Amino acid sequence: MKVAIVGAGVMGRLAALKLIGAQHRVTLFEAQSFDHPQGAATISAGMISPLSEAVHAPPEVVRLGLQSHNLWPDALSQLRELDPEHHPVFFQQHGTVAISFSEEQDCLLCLYAKMHQLLPEHHSQIRMLYNQEVLNLEPDLERFETAVFLKNEGQICNRQFLAASTRAIRQHAQVIEHWPLEGNGSVLQKQYDWVIDCRGAGAVKASTYAETGAQALHSVRGEAIRVRTKRVHFTRPVRIIQQRFHVYVVPKPDNIFVVGTTDLGDRGTRSVTVRSSLDLLSAIYCLHPGFADAEILEVMGTHRAFYSDNRPKITQNGNIICVNGLSRQGWLLGPALVDDIFARVTG
């Protein structure tokens, strides 16, 4: 079967790998550079955090996230087989720890109570830690006497995944880059058995036949800062719960940390602002003094697509399938949504 995939973000690459593994002929179209991606997949922290998302997202996102959490190991095993260099991709399932600064402890208690209310079937996965329990989990959180531990969560090194998937897809599929989709997809629809539209924010102002128009697609700005230091040794993602916004600090290989926020809520076109950068850097300095001398590697901004109800959607019209509205949840939901797409294409 001949399949065209439009968009080389998380969803486009996962869909391509799944179809390649099933011996289908895949052509991947990308509007920018395929080998040097600059979109949301590149700047993101690669968190797979279904329980954390319960506070912001509808229940179906949590359900799909838990499903993806279990699917990622097999997806990465297949990627390693397809990668001509057979490099492993850093992936861990050690959970997430959430903390608040002393003056905002009520925020942490509210988070704990809200998660217990929203996730009654997962109470055993959500634990309040005190004093020595915090230090046993993360010794570098010695400033904090309380924390919330979310057990059933993980993370992936997004940069390693992008590098490995670039090699694998180049080896086993056709890649056409610098090719923005024009029109409604009808040109590709006639040339391929299936067309899978995975453009993310690139589709905000350009729809395909598969989109119903029932809800408008919007874009929101996201920012992240990558820093490097040998003085901080977190072993899992740390979330700083505050009244104004939440900050995540995610450790990566080579002493790198990705720092960002889930609550910018800015739909403007500006890339990065001084205020938001200072907010993030101040937060991590207060989290651990070792960040004071950290080397700033990158300050990055991009746009992510979402629907007003915060639900990702898969729509289909004939042989065109459109998946979009994942916002910051591409890594969280990708494998589960790709399974849905694969069932449509092969069923």
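Numbering of residues starts from 1 in every chain and runs along the sequence as written. Predicted model: local features are reported for residues with pLDDT of at least 70 only, side-chain atom pairs are reported and counted for 80 or more only, and whole-chain, interface and lining totals are derived from all residues. Values reported for side chains reflect all heavy atoms of the structure, with hydrogen atoms and water molecules removed beforehand.

What follows covers the overall build of the protein. Each helix corresponds to a stretch of at least 4 residues labelled H or I by DSSP, and each strand to a stretch of at least 2 residues labelled E; elements are numbered beginning at the N terminus. Helices and strands together make up the secondary structure of the protein, namely nine helices and 17 strands. The C-alpha radius of gyration of the protein comes to 20 Å, within 12% of the 20 Å expected for a compact globule of 347 residues. Its C-alpha atoms give the protein principal-axis dimensions of about 60 × 40 × 40 Å. Expressed as a percentage of its 347 residues, the buried residues of the protein come to 55%. Here a residue-residue contact requires only that any non-hydrogen atoms of the pair lie within 4.5 Å. Sequence separation of 24 or more characterises 76% of the internal contacts of the protein that already satisfy a separation of 6 or more. Element-wise, carbon and sulfur atoms account for 49% of the exposed surface of the protein, whose accessible area totals about 15,100 Å². Radius of gyration: C-alpha atoms only; globule rule: 2.2 Å multiplied by the number of residues to the exponent 0.38. Accessible area is worked out with a 1.4 Å probe on protein chains only. A residue is then buried under 20% of its type maximum, exposed over 50%, and partly exposed in between. Residue exposure ignores everything except the shown protein chains as possible cover, and the areas themselves are Shrake-Rupley values with a 1.4 Å probe.

What follows deals with empty space enclosed by the protein. Cavity and pocket criteria rest on a 1 Å grid covering protein atoms alone: a 1.4 Å probe that fits but cannot get out defines a cavity, protein on both sides within 12 Å along at least 5 of 7 lines defines an open pocket, and an atom within 4 Å of a point defines a lining residue. Grid points are joined across faces, edges and corners, and a volume is the space filled by probe spheres set on the points. A full pass over the atoms with the stated rule returns two cavities of 30 Å³ or more. Taken together, Ser52, Val55, His56, Ala98, Leu111, Met115, Leu150, Arg239, Ile241 and His246 make up the lining of the largest cavity. Charged means Asp, Glu, Lys or Arg here, nonpolar means Ala, Val, Leu, Ile, Met, Phe, Trp, Tyr, Cys or Pro, and polar covers whatever is left, Gly included. Taken together, the residues of the lining of the largest cavity sort by class into six nonpolar, three polar and one charged.

Our focus in this paragraph is the side chain of glutamate 53. With respect to the element layout, glutamate 53 can be found in the loop between β3 (47–48) and α3 (59–82). Judged by its relative accessible area of 4%, glutamate 53 is buried. Dropping the residues within four chain positions of it, glutamate 53 is found in contact with Arg239, Arg328, Gln329 and Leu332.

Ranked by internal contacts, the top residues of the largest apolar core, which has 48 residues, are Ile5, Trp72, Phe161 and Ile169. Those residues in contact with isoleucine 169, other than ones at most four positions away along the chain, are Arg13, Ala16, Leu17, Ile20, Leu28, Phe34 and Val175. Membership of the second largest hydrophobic core comes to 27 residues, among which are Phe101, Val227, Leu280 and Ile284. Side-chain atoms within 4.5 Å link the members of a nonpolar core, which is a set of buried Ala, Val, Leu, Ile, Met, Phe, Trp, Tyr and Cys residues.

Right, let's talk about the sheet that holds strand β9 (residues 174–177) for a bit. Adjacent strands of a sheet pair through backbone hydrogen bonds, lying either parallel or antiparallel. Strand pairing is defined by DSSP finding a minimum of two bridges between the two strands. A sheet is described by the order of its strands in space; here six strands give the open sequence β9-β2-β1-β10-β17-β16, paired in mixed fashion. Each end of this open sheet is capped by a strand with a single partner; those strands are β9 and β16 (313–317). Along the sheet, successive strands turn relative to each other by an average axial angle of 15°, direction set aside. Lying on the sheet, helix α1 (residues 10–21) is in contact with β1 (2–6), β2 (25–30), β10 (194–197) and β17 (320–324); it crosses β1 at an angle near 165°. Simply put, an axis is a line fit to the C-alpha atoms, just over the touching stretch for a helix, and the angle between two N-to-C directions goes from 0 to 180 degrees.

Another aspect to go through is the sheet that holds strand β6 (residues 126–130). With mixed pairing, eight strands are arranged side by side in an open sheet as β6-β7-β5-β12-β13-β14-β11-β15. Each edge of the open sheet is held by one strand with a lone partner, namely β6 and β15 (295–307). Going from strand to strand, the sheet's axes swing by 25° on average, the running direction of each strand aside. Sitting on the sheet, helix α8 (residues 274–287) is in contact with β5 (96–99), β11 (217–228), β12 (238–240), β13 (247–252), β14 (256–261) and β15, with an inclination near 45° to β11.

Here the focus is the packing of α1 against helix α9 (residues 330–346). The interhelical angle for the contact between α1 and α9, taken along N-to-C directions, is 45°, at an axis separation of 9 Å. As the angle between them shows, α1 and α9 are arranged oblique. Crossing hand, α1 versus α9: right-handed. In contact with Val10, Met11, Leu14, Ala15, Lys18 and Leu19 of α1, α9 contributes Gly330, Trp331, Gly334, Pro335, Leu337, Val338, Asp339, Ile341, Phe342 and Val345. Broken down by class, the residue content of the contact of α1 with α9 amounts to twelve nonpolar, two polar and two charged. In what follows, roughly perpendicular refers to angles from 65 to 115 degrees, roughly parallel to angles under 35, roughly antiparallel to angles over 145, and oblique to any angle outside these ranges. Two helices crossing with the near one rotated counterclockwise from the far one by less than a right angle form a left-handed crossing, whereas a clockwise rotation gives a right-handed crossing.

Another point: the pairing of β16. Bridge analysis of β16 against β17 gives five bridges, and the strand direction is antiparallel. Residue pairing in the sheet places threonine 315 in a bridge with cysteine 322 of β17. Count of turn residues in the β16/β17 antiparallel hairpin: two residues, of which glycine 318 carries a positive phi of about 65°.

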